[in-house]
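# A look at the structure
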Amino acid sequence: MKALRFSRHAAIAVIAAGTIALTACGSDNAAGTAPATGAATGPKVTGTLTGIGASSTGAAMDAWKAGFAAANPGATVQYSPDGSGAGRKAIIDGSAQFAGSDAYLKDEELAASKAQCGADGAINLPVYISPIAVAFNIPNVTELKLDATTVAKIFRGEIANWNDPAIAALNSGTTLPDLKVTPVNRSDDSGTTTNFTDYLAAAAPEVWTDKSAGIWPASLQGENAKGTSGVVKTVTDTPGAVTYADDSAVGGKLGTASIKVGDEFVKISADAAAKAVEAGSPVSGRSANDVAIKLDRKTTASGAYPVVLVSYHVVCSTYATQETVDLVKSFEHYVVSEAGQQEAADSAKSAPLSASLTEKVNKAIDSIKVKS
């Protein structure tokens, strides 16, 4: 398969069509259709759009909601950060008009979405690229170097103390305490968990023998907490604890690990995450308007940070009314516009979408239509 080259969030009840009261001005085209430059221009819309999903994109979603409302007075986006799994369930059962998910729809989820979204089902729109931090609370230690095998052993409970020889061998010159390692995982169905376990299963298969999944393996013991904020707070409050979380949520409060890629250790950053996405390829068996990306977790590309998530907005390919179509299109075009991506980068340290990826996503958004 030819690789794509890329450079660079309690469920809310769905708003009934009769209460959306949405207005589009100026043309027969979908409201908010973005020009090729990605500028956030186009006819104004009003109404309420309902989303459910990933908590990892919380800072970016707050920025997008505010920016979209400023550009479209009278338009409101309601978003409940209940987790990626909850979001995908909501778009499938019709209780939300879009989902935020740190994992694209599985084949069986795509098939199930056709009941609500029409014959072509839902489509995955990448809107946010961000590294997942291996974040820890070790007194007087702010940086570590880790490889995939050691990370896998830490989260499987096979490394009990931070001064274990496996960690010490990778961190010459760092004083490591005789302190218990306490892994902390997500308790909810999480796209961040899907991406993290996908990395471990691909890069350390001899240790991480479980398949990638949004639910943490039940056989593994440790602490758990709900949502991105939950795991970060637990680690912040627990000396010796370690977790995996969107880097924007760590915010300098915890230490973070550089990850070994090839012969080098790559420090976490938005640029390094974008380089990892460059090695991605389209997910097979999807429609032309589905922009799901298969990541190469074993990349050896210099400067690439492979513990990365691509967060999606999952939308229907068709909706019941033109009003809903116009509102969904307008918001999604804003999210992937130059202004929307810069707002996300400023608030969440994410990597803006590349020009080529933005073009593909805008084309997919333009394909959304009214059910015939």
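Looking at an unreviewed UniProt entry, one finds the chain named Phosphate-binding protein, with Arthrobacter ulcerisalmonis as its source organism.

## Some details on the overall build of the chain
Across its full length, the chain holds 13 helices and 15 strands. The buried share of the chain, taken over its 372 residues, is 56%. Working note: accessible area of the chain is about 14700 Å², and carbon and sulfur atoms make up 50% of it.

## Description of the pattern of salt bridges
Evaluation of the coordinates by the stated rule reveals eleven salt bridges. Here Asp62 ties to Lys65 by a salt bridge, and the two come within 3.9 Å at their closest N and O atoms. Residue Asp62 and its partner Lys65 are both found in helix H2 (residues 58-71); the two are separated by three residues, about one turn of the helix. Residue Asp62 is classed as partly exposed on the basis of its relative accessible area, which comes to 47%. The closest approach of N and O atoms between Asp107 and Arg286, which form a salt bridge, is 3.1 Å. Here Arg286 lies in the loop between strand S11 (281-282) and strand S12 (293-294) and Asp107 lies in helix H4 (residues 107-117), a separation of 179 residues in the sequence. For Asp107, a relative accessible area of 53% puts it in the exposed group.

## Concerning the layout of surface pockets
Each pocket or cavity is described by its volume, and for the largest pocket that value is around 460 Å³. In terms of lining residues, the largest pocket is bounded by 23 residues, among which Ala103, Tyr104, Lys106, Thr194 and Ser212 are the most central. Counting residues per element, the ones that place at least two in the lining of the largest pocket are H4, helix H7 (191-203), S12 and strand S13 (308-316). Grouping the amino acids of the lining of the largest pocket by side-chain chemistry returns eight nonpolar, four polar and eleven charged. Two domains each put at least three residues into the lining of the largest pocket: domain 1 (47-130 + 287-292 + 309-370) and domain 2 (132-273).

## Observations concerning the packing of helix H11 (residues 322-336) against helix H13 (residues 355-366)
Packing of H11 against H13 leaves a shortest axis separation of 10 Å and a crossing angle of 175 degrees. Between H11 and H13, the crossing angle belongs to the class labelled roughly antiparallel. Each of Lys329, Glu332, His333 and Val336 in H11 lies in contact with H13, whose residues at this interface are Thr358, Val361, Asn362, Ile365 and Asp366. Here the contact of H11 with H13 is composed, by residue class, of three nonpolar, three polar and three charged.

## Digging into the pairing of strand S4 (residues 122-136)
Within S4, 15 of the 15 residues are buried, which leaves it mostly tucked inside the rest of the structure. Pairing of S4 with S13 involves nine bridges; the strand directions are antiparallel. When the sheet's bridge partners are listed, Tyr128 is paired in S13 with Ser311. Examined bridge by bridge, S4 and strand S8 (residues 241-246) share five bridges and lie antiparallel to one another. Within S8, the position partnered with Ile132 by the bridge is Asp246. Sheet analysis places S4 next to strand S9 (residues 255-261), joined by two bridges and oriented antiparallel.

## Focus: the pairing of strand S1 (residues 47-53)
Most of S1 is tucked away, with seven of its seven residues classed as buried. With burial as the criterion, each face of S1 is covered, one bearing Gly47, Leu49, Gly51 and Gly53 and the other bearing Thr48, Thr50 and Ile52. Here six bridges tie S1 to strand S2 (residues 75-80), and the two strands are oriented parallel to one another. The partner of Gly51 across the bridge, within S2, is Tyr79. The β-α-β motif built from S1, the intervening H2 and the parallel element S2 has right-handed crossover chirality.

## Focus: the nonpolar core
Core analysis: the largest hydrophobic core is formed by 103 residues, its most contacted members being Trp64, Val134, Ile154, Phe155, Trp162, Phe196 and Phe331. The element that contributes the greatest number of residues to this core is S4, accounting for eleven residues. Mapped onto the domain boundaries, this core takes at least three residues apiece from domain 1 (47-130 + 287-292 + 309-370) and domain 2 (132-273).

## Some words on the state of the cysteines
Evaluated as defined, the whole model comprises one disulfide. With its sulfur 2.0 Å from that of its partner, Cys117 forms a disulfide with Cys316. Its torsion about the S-S bond being -45 degrees, the disulfide of Cys117 and Cys316 is classed as left-handed. On the criterion of sequence distance, the pair formed by Cys117 in helix H4 and Cys316 in strand S13 is long-range, its members being 199 residues apart.

How each quantity is defined
Residues numbered from 1 in each chain as written. Predicted model: local features only at pLDDT ≥ 70, side-chain atom pairs only at ≥ 80, totals over all residues. Heavy atoms only, no water. Helix = DSSP H or I, 4+ residues; strand = E, 2+ residues; numbered from the N terminus. Buried < 20%, exposed > 50% of the residue type's maximum accessible area, 1.4 Å probe, protein only. Areas by Shrake-Rupley, 256 points an atom, 1.4 Å probe, with all protein chains shown as cover. Salt bridge = Lys/Arg side-chain N within 4 Å of Asp/Glu carboxyl O. 1 Å grid on protein atoms, 1.4 Å probe; cavity = no way out; pocket = protein on both sides within 12 Å on 5 of 7 lines; lining within 4 Å. Points joined across faces, edges and corners; volume = space filled by probe spheres on them. Nonpolar A, V, L, I, M, F, W, Y, C, P; charged D, E, K, R; others polar. Domains from an automatic or database assignment. Axes fitted to C-alpha atoms, helices over the stretch in contact; angles between N-to-C directions. Parallel < 35°, antiparallel > 145°, perpendicular 65-115°, else oblique. Contact = heavy atoms within 4.5 Å. Pairing = 2+ DSSP bridges. Right-handed = clockwise from strand over helix to strand, strands pointing away. Core = buried A, V, L, I, M, F, W, Y, C linked by side-chain atoms within 4.5 Å. Disulfide = S-S within 2.5 Å.

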